[in-house]
Structures are given as structure tokens and as C-alpha cells.
Number of protein chains: 2
Amino acid sequence: MTTREPIRFLFDFISPYAYIAWKQVHAVAERHGCRVEPVPILFAALLNAHGHKGPAEIPPKRIYTFKHVVRLASRLGVPLAPPPGHPFNPLLALRVSSLPMADDTRRDLIDRLFDATWAGGPGVEDEQVVARVAGEAGLDGAGAITQARSDEGKARLREQTDAALAAGAFGVPTMLVGSELFWGNDSFPDVELHLRGEDPVTPAVLARWADRPATARRSPRS
Amino acid sequence: MTTREPIRFLFDFISPYAYIAWKQVHAVAERHGCRVEPVPILFAALLNAHGHKGPAEIPPKRIYTFKHVVRLASRLGVPLAPPPGHPFNPLLALRVSSLPMADDTRRDLIDRLFDATWAGGPGVEDEQVVARVAGEAGLDGAGAITQARSDEGKARLREQTDAALAAGAFGVPTMLVGSELFWGNDSFPDVELHLRGEDPVTPAVLARWADRPATARRSPRS
């Protein structure tokens, strides 16, 4: 195994796609001898910044998303159950996951918080639950909540989210390999090609695409 | 081969994902002994109806989409080149593709119009090009343009788009098997499971998901 750039895994607990990708990304990283560097970010802030809607905010897409994640998880053998409510407020869980801690502890904590959300657990909106899960991951639960709620704890998540926006993120999960961005579970084959040095997207190919002019803009239906 | 419900394939030439899916859907249908019923619709009208943005309307997502379709087409062995401009106005090509004609002619016509857009051709905004392509598919090119521009020709595309919205469509490509909706290239495995009667989404599963309350709404960043 060679030492490679890490896969930075940008996620929000709100997203079942991020949960499913979290259950895949470690095996992908191991196959390529690289580390996973988890980066909690606030998906809602990405939507706000881009003036965009999340899949749960368009009624028929919300239903389709439920069905799609059930099908995807079933195909991949990932346990999946609906959380107590959705959308929910993921801020505390994201802030706790962003605190300074050892890599192994962070992976275990995120794993437990994802499972609490998407694998039949009690969700992660309740402070007591987050404290208990943090304790199970080896942290001081009450202390972690206090730290997460401090100005510094809040600023850390904001900074991570701003850095994600600066890197071009528009959704979760986003995987960054160096400055190359990959989005969603269907991008794993692309991540692997990229890590193998076989990405068909070269600067020359990209230049051909990026310089095409718009010859029409969307307007009300004609 | 048994006679099965058709796969209704809802598409807009504007979408490279629809182009790539068009190149896959016939093989999927053949494997399951069903027909493909192509349904041209106006993607922009779906976005308008849902107050949503297309992938090309969010700058970093536009770039990612270019890269993603290059990677996807490369993996699938589908020829892909950028059209002369994008976004472009697909209305004439959609209306011509919606005219009454034999099934084989329609498949050939759509294939040629997709190739004119996404396989290195001249695009489909120019009336002369659309007339020529219609002629190559066996239609009276000039006559097809006239019919497409008639009130009836315009109404047909509008009705197809309204029906797509009523069926819950929010993007392209959408595949409908009966009333079950599938979206995007990554849904082909799900379409196939559904056609085999092995869809993990049952009414009971869906009911568990659909009745979860929202416990938070998106608000400006905190």
C-alpha cells in the first residue's frame, strides 16, 4: 500500500445518500491505500448558497428519494430504516463530529451517529442521544455537547461548510481527492478510476466542454 | 418473451443523461420482453413547475455534470461530445419527435436527433438541421417542421409534459413502468428489479417512510 492523498468525505447526517456512501467509502479507500478524512458540513447551507432545493423539498422527489435509497441500500446490503422525522436538525451531531479527536474515535462516532439516524436508531436531534452516542465512542458526552455549542464549536462547522463551498460542493456526499470533486454514490466508480490514474476527464476534455456558450436560457413555458 | 407493460421513456434532448440513458434503455427493455415508448417532454417546464434549478444552472454543478457525463459515457462505451451550445432551445426537436409516426420511425428519429446533439453533430436548434434529420428518418422534413410548429404540434408537447408532471416527474430521463417512476441512469438496476418483480419497495415499506414528520425546516445558516 502506498501513501496517497486522502479521500475527503464531506457529509451531513440529514442525507441517507451520505449514510450509504459512508458505508462504502472505507472499502474504496482501503483498495487504493488511502485514508478517509471525514468532513461534517451543513447541507442546508449549500442549498442556501446555491439557491437550490434539496430532494426532500420537492414533493414527488421526496417520495422517489425514499424509494431510491431503499433500493440502493437493499442492493448494497446496507441496513436502512427511516429516522423518527425528516428533515431534522443535524447541527448538534455535525458540531460534535467536528470536535478535535483521534481519527479512529471520529470514524467510530460518525458511524454511530449515522446508525442512530438511518439504521433504526432514535435519530440525532435529541441532546441526550448525542451525548450518549459520543460517550459510546469514548468521548466525554456532556463535555462534547458543551464544546459543540461553544462559539468555537459552531465556527468550526461553519468554516468546514465554507471551505466545501469554496471547493465547489453543491451536495452531499461529496468526495474530494485533491481538488477533484465527486458527488454521490454513483460516483464511486469514477473515484476509483481517478485514484488509478485512469480518469477520462483530462484538462483538454474539460476545456472542450467548459467553453460552450449558452444559446438559450430557461424561460416560462411556451 | 412475454408481452409486458412498456417502459415509458420521458426525455428532453437538452439532457446528456437522457441521451446516455436512451442508449441503454432498449437493451434493458429487450432483456425483459417489453417495448420502449419514448415520450418527449420539456425539462425546463418541470423545473418551472417545481421551482427548481437544472444541473447547468448552478455553476460548480454545471462543471461537475460535464465531467460526470464524460466519465459515465466512457464507462458505458457511449460516444459523447459537447453540443455547439448548452443550454440550447430543444422545443422544435421535441415537437418534431412528438408527431404521429410509426414506432420504428420515431425511435430512429430520436436516435438521430440525440446523436446530432451529443455525438458530435451540429446540434438541433437549427430548423434546417432538424428538417434534414427528419428526412433521414424517413419523414417529409419540411412538412414535419410545419406540423411541429402548428398549434396541435405545440399542444402535444405541452400535454406530454403536463402528463409527466401529473405522474410525478421532476427530472429527465424518467422511466415509467405502469405508475412506478424511475429517474436517471443509476436507476436502471432498480427498473430491472422492478420488472423482475423483485422491487424491495413494497407498499408497506413505502408507508413506513412516507409518514415520517418533518421535525425541522431549512432556514438561513446559523
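Parameters and conventions
- Residues numbered from 1 in each chain as written.
- Chains lettered and ligands numbered in written order.
- Predicted model: local features only at pLDDT ≥ 70, side-chain atom pairs only at ≥ 80, totals over all residues.
- Heavy atoms only, no water.
- Helix = DSSP H or I, 4+ residues; strand = E, 2+ residues; numbered from the N terminus.
- Rg over C-alpha atoms; globule rule 2.2 N^0.38 Å.
- Buried < 20%, exposed > 50% of the residue type's maximum accessible area, 1.4 Å probe, protein only.
- Contact = heavy atoms within 4.5 Å.
- Lys, Arg positive; Asp, Glu negative; His and termini not counted.
- Charge placed at Lys NZ, Arg CZ, Asp CG, Glu CD.
- Axes fitted to C-alpha atoms, helices over the stretch in contact; angles between N-to-C directions.
- Parallel < 35°, antiparallel > 145°, perpendicular 65-115°, else oblique.
- Left-handed = near helix turned anticlockwise from the far one by under 90°.
- Nonpolar A, V, L, I, M, F, W, Y, C, P; charged D, E, K, R; others polar.
- Pairing = 2+ DSSP bridges.
- Right-handed = clockwise from strand over helix to strand, strands pointing away.
- Least-squares fit on C-alpha atoms with pLDDT ≥ 70 in both.
- pLDDT = per-residue confidence, 0-100.
- Core = buried A, V, L, I, M, F, W, Y, C linked by side-chain atoms within 4.5 Å.
- Buried area = accessible area lost by both parts, 1.4 Å probe.
- Salt bridge = Lys/Arg side-chain N within 4 Å of Asp/Glu carboxyl O.

## Remarks on the overall build of chain A
A count of helical and extended segments in chain A gives 10 helices and 4 strands. Reading the secondary structure of chain A in the N-to-C direction produces β-α-β-α-α-α-α-α-α-α-β-β-α-α. The C-alpha radius of gyration of chain A comes to 18 Å, within 12% of the 17 Å expected for a compact globule of 222 residues. Every one of the 222 residues in chain A was classed for burial, and the buried ones make up 55%. A separation threshold of at least 6 residues defines the contact pool for chain A, and within that pool the share at least 24 residues apart is 71%. When the 26 positive and 26 negative side-chain charges of chain A are each reduced to one mean point, those points stand 8 Å apart.

## A word on the packing of helix 5 (residues 103-118) of chain A against helix 6 (residues 127-136) of chain A
All names here are of chain A. It is at 9 Å that the axes of helix 5 and helix 6 come closest, and there the two elements cross at 140 degrees. As summarised for this structure, helix 5 and helix 6 are arranged oblique, according to the angle between their axes. Every pair of crossing elements has a handedness; the one defined by helix 5 and helix 6 is right-handed. Across the interface between the two elements, Asp108, Leu109, Arg112 and Leu113 of helix 5 pack against Val133, Ala134 and Glu136 of helix 6. Tallied by class, the residues present in the contact of helix 5 with helix 6 amount to 4 nonpolar, no polar and 3 charged.

## Comments concerning the sheet that holds strand 1 (residues 7-11) of chain B
All names here are of chain B. The strand order across the open sheet formed by 4 strands is 2-1-3-4, and the pairing between neighbours is mixed. Because the sheet does not close on itself, it has two edges, and the strands there are strand 2 (36-40) and strand 4 (180-183). Neighbour to neighbour, the strand axes of the sheet diverge by 25 degrees on average, direction disregarded. With 5 bridges connecting them, strand 1 and strand 2 associate as parallel partners. Looking at strand 2, one finds that isoleucine 7 is bridged to valine 36. Across the sheet, helix 9 (residues 188-195) touches strand 1, strand 3 (174-177) and strand 4, and the angle it forms with strand 3 is around 5 degrees.

## Description of helix 6 of chain A
Listing the buried residues of helix 6 of chain A in full gives Val129, Val130, Ala131, Val133 and Ala134 of chain A. On its buried face, helix 6 of chain A is in contact with helix 4 (91-97), helix 5 and helix 7 (141-149) of chain A.

## Thoughts on the pairing of strand 2 (residues 36-40) of chain A
For strand 2 of chain A, the buried fraction is high: 4 of the 5 residues fall into the buried class. In the classification by handedness, the crossover that spans strand 1 (residues 7-11) of chain A, the intervening helix 1 (residues 16-31) of chain A and the parallel strand 2 of chain A is right-handed.

## Quick word on the environment of leucine 46 of chain A
Structurally, leucine 46 of chain A can be placed in helix 2 (residues 43-50). Separated by 11 residues in the primary sequence, leucine 46 of chain A and glutamate 57 of chain A have C-alpha atoms spaced 14 Å apart.

## Structural notes on the environment of tyrosine 64 of chain B
Along the chain, the position of tyrosine 64 of chain B falls in helix 3 (residues 59-76). Separated by 55 residues in the primary sequence, tyrosine 64 of chain B and phenylalanine 9 of chain B place their C-alpha atoms 25 Å from one another. What tyrosine 64 of chain B contacts, discounting residues up to four positions off in sequence, is Phe170, Leu181, Phe182, Trp183 and Ser187 of chain A together with Arg71 of chain B.

## Remarks on the relation of the copies chain A and chain B
When chain A is brought onto chain B, the operation consists of a screw motion whose angular component is 180 degrees and whose axial shift is 0.0 Å, with 0.0 Å RMSD remaining. Taken together, the rotation and translation describe the operation of a two-fold axis. A high fraction, 100%, of the interface residues of chain A reappear at the interface in chain B, so the copies pair face to face through one surface.

## Side note on unusual backbone geometry
The general pattern is negative phi for most residues beyond glycine and trans for most peptide bonds. Here valine 172 of chain A and proline 173 of chain A are connected by a cis peptide whose omega angle stands at -5 degrees. Assignment of secondary structure puts proline 173 of chain A in the loop between helix 8 (151-166) and strand 3 (174-177). Here the amide bond leading from histidine 86 of chain B into proline 87 of chain B is cis, since omega sits at 0 degrees, within 30 degrees of zero. Note that proline 87 of chain B resides in the loop between helix 3 and helix 4 (91-97).

## Observations regarding the confidence of the model for chain A
Across chain A, the average pLDDT comes to 94, with 97% of residues at 70 or higher. ipTM for the predicted complex: 0.93, alongside a pTM of 0.95.

## Thoughts on the packing of helix 1 (residues 16-31) of chain B against helix 5 (residues 103-118) of chain B
Residue and element names in this part refer to chain B. Remark: helix 1 packs on helix 5, axes separated minimally by 9 Å, with the N-to-C direction vectors making an angle of 145 degrees. Relative to helix 5, helix 1 is oriented so that their crossing is left-handed. Two secondary-structure elements touch here, helix 1 through Pro16, Ala18, Tyr19, Trp22, Lys23, His26 and Glu30 and helix 5 through Arg107, Ile110, Asp111, Phe114, Asp115 and Trp118. Of the residues assigned to the contact of helix 1 with helix 5, the class counts are 7 nonpolar, 1 polar and 5 charged.

## Topic: the nonpolar core
Note that soluble globular proteins tend to have their nonpolar side chains buried in a common cluster. Counting 73 residues, the largest nonpolar core has Ile7, Phe13, Val96 and Phe114 of chain A as the members making the most contacts within it. Element by element, the count of residues in this core is highest for helix 1 of chain A, at 9 residues. Those residues in contact with valine 96 of chain A, other than ones at most four positions away along the chain, are Met101, Leu109, Val130, Ala134, Ala144, Ile145 and Ala148 of chain A. Judged by nonpolar contacts, the second largest core, of 71 residues, contains Trp22, Val133, Val172 and Leu181 of chain B.

## So, the interface of chain A and chain B
Contacts between the two partners involve 70 residues from chain A, matched on the other side by 70 residues from chain B. Of the roughly 6600 Å² buried where chain A meets chain B, counting both sides, 58% is carbon and sulfur surface. Between chain A and chain B we count 9 salt bridges in total. Ionic pairing is found between aspartate 199 of chain B and arginine 71 of chain A, a salt bridge with its closest N-O pair at 2.7 Å. A per-element tally of the side of chain A that touches chain B places helix 3 (residues 59-76) of chain A first, with 13 residues. In terms of residue class, the side of chain A that touches chain B is built from 36 nonpolar, 15 polar and 19 charged.

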